[in-house]
Amino acid sequence: MQQGGARRRPGTLHLRACIDSTKKSRLIPFIFSNTETNAIEISPTSPYFRAVYATGQYATISVGTVTTGFQGFTAFTETELDEIQYQQIGDLLYIVHPNHQPVVIARTGQAVFTYYQFFDAPITSTVLIHDRFPYRDVNIASIYLKSSATTGSVTISAWTDSGATVSYSLFQPTHVGSIWTKDTGGTPGYFVITAYVNSSTVTATVLVTTATAGITTGTTTGWAEGAWSNYRGWPKSVAYYQYRLYLASNASQPDRFWASASNLVTKFRKSTSEADPFTNSITSSPFVNDIYWMNVQKKMIMGTLGAEHVVEGFNPAAVISPTNPANINADTVYGGRQRQSVRYDNLLAYIHRGGRKILEMSFNFQEDQYNATDITILSDHMVQKQFDRVTAGVNGYPYINNLAWQPDNNILWIQDQNGGLFSCTRDKVNNVTGFAFHKIAGTDNTYGVACIRSLCVTPPAGYVPGYTLLTENRDIVFLCVERYINGAKYFSIERFAGINDAEINPPTALVFTEFPVYMDCSVIKEYVAGRPSDIVGGYDHLI
């Protein structure tokens, strides 16, 4: 928290239009090092992803090499953007949504990125194609699978008997792209469904790897379906804990989580050794609740619709593994929303399931458990301020949509459903909790003011393509702003200005101002020797 006299918030600098200026984007922080940070912009429109820097420079993120072709990429819709959750591990950013195969954005060089779907990660000898999928439990019913051949393109059929005389309705059209395993008692084989024929017959491609030569042709009940697919659903939350990537909760198994192999975050086929992948369900609640978010606060915390669960090994001194299964306890029972939670200091903040409160989790040593406190109770009128912007039939009542933490000023930024922007100056040690509403200049043609549709915070940017950027060593707050300009909807990427800031998109070199900026959607232009001083540009976004 800053000490001394209060001051106004800075204005916003217009960086550039969103990828699609008629649709909102989602902003996610990407922090590679103390010299390279940026926001990742996710758009419903091609090219879908780009890295945006504090000066407005950007790098388009291109699609990587497709190695498997499992269930091709489909763009996120505008309504899905707020539900996206993410986890960065080194130079990789994992992005999940329950309607989409996870996406991985990889930084391959300075301002160079590619994206690919989770199962299109580069093939390695240690993580083969079939290793990347978790599988549902092996079939125990009298349902038999039969293959027309052992390799190549095959026909897979389902039957109620080993003699394959009575067909069984097992398949759905959305099974296309899913991976299955078939085992007649020897080495298991794997296949991916490529076409739907009817409810008992599909076409598939056998996955031949260094570990599997093919599949058998005989009928067998020894088969298992991949846990994730367009039919079964995809994980909705993600976290990194004890050197494993955790993915949790899809449509068919909402209370289950899957952990990768230790230090091999693309391997999910479970086994029994300590370093192998494993899976578990939340059994500490009598209800089957979706795992809406996951985060780490010394221990893994999993938030569901009905409770917040603390996850550790039965031997708490050892890491969770197949040989030290997860011990799960519901320490609090408030319930949360399907939104990214935020960790700061030794605290963890998440949105209450009703969308009207922010709850803050911390460990209570006296009670030997985690507690959750409503930090909005001190100013609940503030987070309900947008009620005066709601009219009958327009978006309903507002709820808190997303959170972002700005460490240098101890500010928790809050964005609500209707585009309101709030700040909570939070310093638990010094018992400080202060809320403020921030009106951004402009109009969105509905509420009379500009609306914030997404935000994220990164550390100070030391590098942008071709330039060195200095912004007083202050955190960068990126905003996706919706306005109406000349009667048309316009979405832009902006950020709060620093006290001494740089010209956006300079033609030759960065130029730093000496005075603060207090205008919103502003552009800095200064005289530079050799540049005609009677020509002023860069304001097309206001015309």
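Quick caveat: nothing in here was measured; it's all calculated off a predicted structure.

### Here's the deal with the overall build of the protein chain
Next, step 1: A tally of regular secondary structure across the protein chain gives two helices and 35 strands.
Next, step 2: In the protein chain, which comprises 543 residues, the share counted as buried stands at 55%.
Next, step 3: Restricting to contacts in the protein chain with at least 6 residues of sequence separation, those with at least 24 account for 57%.

### Observations concerning the confidence of the model for the protein chain
Low-pLDDT portions of the prediction should not be read for the details of their coordinates.
Next, step 1: The share of residues in the protein chain with pLDDT of 70 or more is 81%, and the mean pLDDT across the chain is 85.
Next, step 2: Note that residues 387-395 has pLDDT below 50 and, in this model, 19 contacts with residues that lie over four places away or in other chains.

### A look at the sheet that holds strand E29 (residues 400-406)
Next, step 1: Reading across the sheet, the four strands line up as E29-E30-E31-E32 and stay open at both edges, with antiparallel pairing between neighbours. The sheet is open, and its two edges are formed by E29 and strand E32 (432-438), each paired on a single side. Adjacent strand axes in the sheet meet at a mean angle of 20°, parallel and antiparallel pairs treated alike.
Next, step 2: Taken together, the seven bridges between strand E31 (residues 421-427) and E32 define a ladder with antiparallel strand orientation. Across the sheet, Asp 427 pairs through a bridge with Val 432, a residue of E32.

### Considering the environment of Thr 187
Next, step 1: Here Thr 187 lies in the loop between strand E13 (179-182) and strand E14 (189-198).
Next, step 2: Classification of Thr 187 as exposed rests on a relative accessible area of 60%.
Next, step 3: Distance from Thr 187 to Gly 214, taken between C-alpha atoms, is 9.1 Å for residues 27 residues apart in sequence.

### Let's talk about the pairing of strand E11 (residues 144-147)
Next, step 1: Burial of the side chains of E11 is restricted to one face: Leu 145 and Ser 147 are buried, whereas none of Tyr 144 and Lys 146 on the reverse face is.
Next, step 2: Here four bridges tie E11 to strand E12 (residues 153-159), and the two strands are oriented antiparallel to one another. Following the sheet pairing, Leu 145 is matched in E12 by Ala 158.
Next, step 3: Taken together, E11 and the strand that follows it, E12, pair antiparallel across an intervening segment of five residues, in which Gly 152 is found at a positive phi of about 75°.

### What to know about the packing of aromatic side chains
Next, step 1: This model, assessed by the stated rule, comprises 20 aromatic pairs.
Next, step 2: The interplanar angle of 35° and the centroid separation of 5.3 Å between the aromatic rings of Trp 413 and Phe 496 together place this pair among those described as tilted. Of this pair, Trp 413 sits in strand E30 (residues 411-416) while Phe 496 is found in strand E35 (residues 488-496), placing the two residues 83 residues apart along the sequence. Taken individually, Trp 413 and Phe 496 each receive the classification buried, so the pair is uniform in this respect.
Next, step 3: Of the aromatic side chains, those joined through ring pairs into one cluster are Tyr 94, Phe 118, Trp 228, Trp 258 and Phe 268.
Next, step 4: When the ring centre of Phe 32 is taken as origin, the NZ or CZ atom of Arg 107, which lies over that ring, is 3.6 Å away.

### Topic: the pattern of salt bridges
Next, step 1: The full count for this structure, using the stated rule, is 13 salt bridges.
Next, step 2: The shortest N-O distance in the salt bridge between Arg 107 and Glu 36 comes to 2.9 Å. Within this pair, whereas Arg 107 is found in strand E9 (residues 100-109), its partner Glu 36 is found in strand E3 (residues 36-42), the two being separated by 71 residues in sequence. Each member of the pair, Arg 107 as well as Glu 36, is classed as buried.
Next, step 3: Among the ionic pairs, Lys 299 bridges to Glu 312, the shortest N-O distance being 3.2 Å. Placement of Lys 299 in strand E22 (residues 299-304) and of Glu 312 in strand E23 (residues 308-313) is noted, with a sequence separation of 13 residues between them.
Next, step 4: Given the relative accessible area of 17%, Glu 312 is considered buried.
Next, step 5: In the salt-bridge network here, residues are joined through shared partners; they are Arg 453, Glu 482 and Lys 489.

### Looking at the state of the cysteines
Next, step 1: Within this structure, the stated rule accounts for zero disulfides.
Next, step 2: Of all cysteine sulfurs, the one in Cys 480 lies closest to Cys 18, which takes part in no disulfide; the gap is 3.8 Å.

### Re the sheet that holds strand E5 (residues 58-60)
Next, step 1: Taken in spatial order, the four strands of this open sheet run E2-E3-E4-E5, and their pairing is antiparallel. One side of each edge strand has no neighbouring strand; the edge strands of this open sheet are strand E2 (26-33) and E5. Adjacent strand axes in the sheet meet at a mean angle of 25°, parallel and antiparallel pairs treated alike.
Next, step 2: Across seven bridges, the pairing between E2 and E3 is antiparallel. The residue bridging Ser 33 from the neighbouring strand is Glu 36, located in E3.

### A closer look at the nonpolar core
Next, step 1: With 25 residues, the main nonpolar core has Tyr 94, Phe 118, Trp 228, Leu 245 and Phe 268 as its most contacted residues.
Next, step 2: Secondary-structure elements contributing two or more residues to this core are strand E8 (92-97), E9, E14 and strand E18 (244-248).
Next, step 3: Once residues lying within four places of it in the same chain are set aside, the contact partners of Trp 228 are Phe 118, Phe 119, Phe 133, Pro 134, Gly 233, Trp 234, Pro 235, Leu 247, Asn 250, Trp 258 and Phe 268.
Next, step 4: Judged by nonpolar contacts, the second largest core, of 20 residues, contains Ile 40, Ile 42, Phe 49 and Ile 105.

### Section: the pairing of strand E1 (residues 12-17)
Next, step 1: Buried residues dominate E1, accounting for five of its six residues.
Next, step 2: As judged from the five bridges shared by E1 and E35, these two strands associate in the antiparallel manner. The partner of Thr 12 across the bridge, within E35, is Phe 496.

### Comments concerning the side chain of Ser 25
Next, step 1: Mapped onto the elements, Ser 25 comes out in the loop between E1 and E2.
Next, step 2: At 2.7 Å, the side chain of Ser 25 and the side chain of Glu 41 are in polar contact.
Next, step 3: Excluding anything up to four places from it in sequence, Ser 25 contacts Cys 18, Ile 19, Glu 41, Ile 42, Ser 43, Leu 81, Ser 454 and Cys 480.

What counts, and where the lines are drawn
Residues numbered from 1 in each chain as written. Predicted model: local features only at pLDDT ≥ 70, side-chain atom pairs only at ≥ 80, totals over all residues. Heavy atoms only, no water. Helix = DSSP H or I, 4+ residues; strand = E, 2+ residues; numbered from the N terminus. Buried < 20%, exposed > 50% of the residue type's maximum accessible area, 1.4 Å probe, protein only. Contact = heavy atoms within 4.5 Å. pLDDT = per-residue confidence, 0-100. Pairing = 2+ DSSP bridges. Axes fitted to C-alpha atoms, helices over the stretch in contact; angles between N-to-C directions. Phe/Tyr/Trp six-rings, centres within 6.5 Å; stacked < 30°, edge-to-face > 60°. Lys NZ or Arg CZ within 6 Å of the ring centre and 35° of its normal. Salt bridge = Lys/Arg side-chain N within 4 Å of Asp/Glu carboxyl O. Disulfide = S-S within 2.5 Å. Core = buried A, V, L, I, M, F, W, Y, C linked by side-chain atoms within 4.5 Å. Polar contact = N/O pair within 3.5 Å; in protein donor to acceptor, adjacent residues only side chain to side chain.

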